[in-house]
Amino acid sequence: MQNESQIKVLLNEQKFRLTNERHLLLKLFSESSRMLTPAQLHELALEHQVKIGLTTVYRLLEVLTKTELATPFLIEGVIYYTFCGCNHHHHLVCLSCHQVLETHQSCPTVEVPEDFRVEHHRLDLYGKCSACQHSIEGGESH
Ligand SMILES: [Zn+2]
Ligand SMILES: [Zn+2]
Ligand SMILES: [Zn+2]
């Protein structure tokens, strides 16, 4: 995980105290290479004997999104989250296995009207990762 004490401070500012269980939850989330729905993250926590309620999972994801430590993706009406522990970057999202890769290439330039002041942007590219392109099942099994 990225600078843990820094994350702790950010979460404290949002009045989200990192108890032991919550810390384990955050660790599981940050170590997942795939984006997860709140229910999937909850399930993962239970699998790892992290006894935490679904409400807390929602609360953690909300707080992380607010502090830009997580990014939500809307795919076919379902919201998935991925942990984003570092500076500004863009995402490559595999629609088959839900793996999320970060790309740190320079930001694209987009023409906007002169009187529009841009404050931030996101760039997410959706497709199939190389493993999924090479598996016949479309990546369900890796
Ligand atoms: Zn990210
Ligand atoms: Zn994939
Ligand atoms: Zn950018």
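See the structure shown above.
Since the model is a prediction, treat every value here as computed from it, not as a measurement.

Visitor: Explain the overall build of the chain here, please?
Guide: Secondary structure summary: the chain contains five helices and five strands in total. In the chain, the succession of α and β elements from N to C terminus is α-α-α-α-β-β-β-β-β-α. When its C-alpha atoms are laid out on the principal axes, the chain stretches across 45 × 45 × 30 Å. When the 142 residues of the chain are sorted by exposure, 36% land in the buried category. Within the chain, counting contacts between residues at least 6 apart in sequence, those at least 24 apart form 52% of the total. Split by element, the accessible area of the chain, about 9,500 Å² in all, is 51% carbon and sulfur. In the chain, which carries 12 positive and 17 negative side-chain charges, the distance between the mean positions of the two groups comes to 11 Å.

Visitor: Even after reading the chapter, I still don't get the sheet that holds strand β4 (residues 100-103), so can you show me in this structure?
Guide: Paired through backbone hydrogen bonds, the strands of a sheet run either parallel or antiparallel to each other. Pairing within the open sheet is mixed, and its three strands lie in the order β4-β3-β5. Each edge of the open sheet is held by one strand with a lone partner, namely β4 and β5 (124-127). Taking each pair of neighbouring strands and ignoring which way they run, the sheet shows an average axis angle of 20°. Pairing of strand β3 (residues 90-94) with β4 involves four bridges; the strand directions are antiparallel. For H90, the partnering residue across the bridge sits in β4 and is T103.

Visitor: How do you make sense of the coordination of the zinc ion (ligand 3) when you look at a structure like this?
Guide: For a metal with four donors in a tetrahedral arrangement, the ideal angle between donors is 109.5 degrees, while six donors in an octahedron ideally sit at 90 or 180 degrees. Looking at the metal site, the zinc ion (ligand 3) is ligated by H88 (NE2), H90 (NE2), C107 (SG) and H121 (NE2), spaced 2.0 to 2.4 Å from it. Taken together, the four donor atoms coordinating the zinc ion (ligand 3) and their angles of 102 to 116° define a geometry best described as tetrahedral. Counting gaps between the donor residues of the zinc ion (ligand 3) yields the pattern H-x1-H-x16-C-x13-H. Highlighted residues: H88 in the loop between β2 (78-83) and β3 and C107 in the loop between β4 and β5, separated in sequence by 19 residues.

Visitor: Whenever I open this one, helix α2 (residues 20-31) confuses me. Can you help?
Guide: Since the α-helix turns once every 3.6 residues, residues separated by three or four places project in the same direction. Spanning 12 residues, α2 covers 17 Å between terminal C-alpha atoms, matching the ideal 16 Å at 1.5 Å per step. Turning to α2, its buried residues are L25, L26, L28, F29 and S30. Contacts from the buried residues of α2 go to α1 (4-13), α3 (38-47), α4 (54-66), β1 (70-75) and β2.

Basis of the calculations
Residues numbered from 1 in each chain as written. Chains lettered and ligands numbered in written order. Predicted model: local features only at pLDDT ≥ 70, side-chain atom pairs only at ≥ 80, totals over all residues. Heavy atoms only, no water. Helix = DSSP H or I, 4+ residues; strand = E, 2+ residues; numbered from the N terminus. Buried < 20%, exposed > 50% of the residue type's maximum accessible area, 1.4 Å probe, protein only. Contact = heavy atoms within 4.5 Å. Areas by Shrake-Rupley, 256 points an atom, 1.4 Å probe, with all protein chains shown as cover. Lys, Arg positive; Asp, Glu negative; His and termini not counted. Charge placed at Lys NZ, Arg CZ, Asp CG, Glu CD. Pairing = 2+ DSSP bridges. Axes fitted to C-alpha atoms, helices over the stretch in contact; angles between N-to-C directions. Donors = N, O, S within 2.8 Å, 3.2 Å for Na, K, Ca; no water. Tetrahedral: all angles 85-135°; square planar, octahedral: opposite > 155°, others 65-115°. Expected span 1.5 Å × (residues − 1).

What is shown is where atoms sit, not what they do.
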